[in-house]
Amino acid sequence: MIFEKWLMPDLVVDTYACVTPELVRSMGGKALLCDIDNTLATYDDPTPPPALLEWIKGMRAEGIEIAFVSNNDWDRVRGFNAELSLVAYAKSGKPSYKNLKAAAKDLGLDKSECVLLGDQLLTDCAAGKRFGIPAIIVPPIKDRTSAFFRFKRWLEKPYMKKYKKTHTK
């Protein structure tokens, strides 16, 4: 398939909560570079829900750093990150990886120590793969139903189907 090297995730899990410090370390990571919307929270959540705050606290307590790398605007990212004060980037333009690179640098880590967490193959996974880091994908928490998003999900289907075929026993 065309673009397979950029759009094939390394791992697909049910939710961000399935991502543990042990899993991140098994992928060579010391940090997760995370998308926000539909990966960690819905677009409707102006701040991190309590369960997400606990997950982030637990990850950091176990030595896994978290950074936000979002395509959303600065108001959204600042508001979401206000309570946490984590490394955060907005308007990232994923699949560009420039802000993944900047986040890794801000964390004082080499890209080989980072893992990406997102919900979209065409933006998140492609950015991570282009940067040369493993990509974990979760299904969107509350997918948008616009024609644009439905088209993007349709483009992702063959890659998700191939992933499931090659990773299901």
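Here, every reference points to the structure presented above.
Residues numbered from 1 in each chain as written. Predicted model: local features only at pLDDT ≥ 70, side-chain atom pairs only at ≥ 80, totals over all residues. Heavy atoms only, no water.

A. Main features of the environment of Val 87. Mapped onto the fold, Val 87 is located in strand 4 (residues 87-89). Along the backbone, Val 87 and Ala 104 are 17 residues apart, and their C-alpha atoms lie at a distance of 9.2 Å. If we ignore the near neighbours within four places in the chain, the residues touching Val 87 are Ile 66, Ala 67, Phe 68, Ala 103, Asp 106 and Leu 107. (Helix = DSSP H or I, 4+ residues; strand = E, 2+ residues; numbered from the N terminus. Contact = heavy atoms within 4.5 Å.)

B. Here's a closer look at the pairing of strand 3 (residues 65-69). Burial within strand 3 is extensive, with 4 of its 5 residues counted as buried. Both strand 2 (residues 31-34) and strand 3 contribute to a ladder of 4 bridges, which runs parallel. Bridging from a neighbouring strand, Leu 32 pairs with Ile 66 of strand 3. Of the crossover connections in this fold, the one passing from strand 2 over helix 3 (residues 50-61) to the parallel strand 3 is right-handed. Note that strand 3 and strand 4 share 3 bridges and pair parallel. Within strand 4, the position partnered with Phe 68 by the bridge is Ala 88. Between the parallel pair strand 3 and strand 4, the chain is carried across by helix 4 (residues 74-81), and the sense of this crossover is right-handed. (Buried < 20%, exposed > 50% of the residue type's maximum accessible area, 1.4 Å probe, protein only. Pairing = 2+ DSSP bridges. Right-handed = clockwise from strand over helix to strand, strands pointing away.)

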